[in-house]
Amino acid sequence: RDKGHAVQWAVASSFAIPVADAAADCLVDIFSPAAAQEFARVVKPGGAFVFAVPGPRHLYGLKEVLYERPYENTVQDVAYPGFALEQRIPVHSMLTVTGSTILDLFAMTPYYWKTSQASAARLNTLTELSTEIDFLIDLYQK
């Protein structure tokens, strides 16, 4: 609590958000599936929906180690009923991780579940990994 303003946080499925209809001023979705109908239900008129998705070259350096033919992520412009896209903010930088943090980074990605053990083993040979981080932050208004 700060000066009478309360912030409440909840963690739940995007497809069954535990709040009343039109109760949220702002909904933030970071790298999770968009449940457009549920988002439209909980965000109040005039409210915001902030959606962070991977950009084309997100973690490309990691993919270069894991895959024989690394690929860029597909970026799509998606219309969400009840929301208007107000702004797209690209965020791009480099990230360098060392030691066991390389495997920690790998474990928090979907690549962890899709990559063969032989390809993943290549990460164990690294002492340092530099990779791009590339996000798109889409700002929608209801």
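The coordinates are above.
Only a predicted model underlies this, so the values are computations on that prediction, with no experimental measurement involved.

1. Quick look at the packing of aromatic side chains
Alright, step 1. This model, assessed by the stated rule, comprises twelve aromatic pairs.
Alright, step 2. Geometrically, the ring pair formed by Phe49 and Phe51 is stacked, given 5.5 Å between the ring centres and 25° between the ring planes. Taken as a pair, Phe49 and Phe51 share a single burial class, namely buried.
Alright, step 3. On the basis of an interplanar angle of 80° and a centroid distance of 5.3 Å, the ring pair of Tyr80 and Tyr140 is categorised as edge-to-face. Pair noted here: Tyr80 is in the loop between helix H2 (60–66) and strand E3 (84–98) and Tyr140 is in strand E4 (residues 128–141), with a separation of 60 residues, a long-range link.

2. Focus: unusual backbone geometry
Where the residue is not glycine, phi is negative for most of them; where a peptide bond is considered, it is trans in most cases.
Alright, step 1. Look at Ala22: it is not a glycine, yet its phi comes out positive at around 55°.
Alright, step 2. When you line up the elements, Ala22 lands in the segment before strand E1 (24–30).
Alright, step 3. For Ala22, a relative accessible area of 36% translates into the label partly exposed.
Alright, step 4. Even without being a glycine, Phe31 presents a positive backbone phi close to 60°.
Alright, step 5. Locating Phe31 in the fold gives a position in the loop between E1 and helix H1 (36–42).
Alright, step 6. On the basis of relative accessible area, Phe31 is assigned to the partly exposed category, the value being 39%.

3. Section: the side chain of Asp138
Alright, step 1. Relative to the helices and strands, Asp138 is located in strand E4.
Alright, step 2. On the basis of relative accessible area, Asp138 is assigned to the buried category, the value being 3%.
Alright, step 3. In terms of polar contacts, Asp138 uses its side chain to reach the side chain of Arg88, at 2.7 Å.
Alright, step 4. When sequence neighbours within four positions are dropped, the list of residues in contact with Asp138 reads Phe49, Val50, Phe51, Leu85, Gln87 and Arg88.

Thresholds, definitions, all that
- Residue numbers here run from 1 along each chain, matching the order of that chain's written sequence.
- Residue-level local features of this predicted model are given only where pLDDT is at least 70; pairs of side-chain atoms are given and counted only at 80 or more, and the full residue set underlies all totals for whole chains, interfaces and linings.
- Only hydrogens and water are set aside; all other atoms, that is, all heavy atoms of the structure, feed into the side-chain values.
- Here the aromatic set is Phe, Tyr and Trp, taking the six-membered ring for Trp, and pairing holds for ring centres within 6.5 Å; pairs whose planes are under 30 degrees apart are stacked, those over 60 apart are edge-to-face, and all others are tilted.
- Relative accessibility decides the category of a residue: with a 1.4 Å probe and only protein chains considered, values under 20% of the type maximum give buried, values over 50% give exposed, and everything between is partly exposed.
- Think of it this way: any DSSP run of H or I at least four residues long counts as a helix, any run of E at least two long counts as a strand, and we number them from the N terminus.
- By the criterion applied in these results, polar contacts are pairs of N or O atoms within 3.5 Å in which, for protein atoms, one can donate a hydrogen and the other can accept it, and in which residues neighboring in sequence qualify only through two side-chain atoms.
- Whether two residues touch is decided by their heavy atoms; if any such pair falls within 4.5 Å, the residues are in contact.

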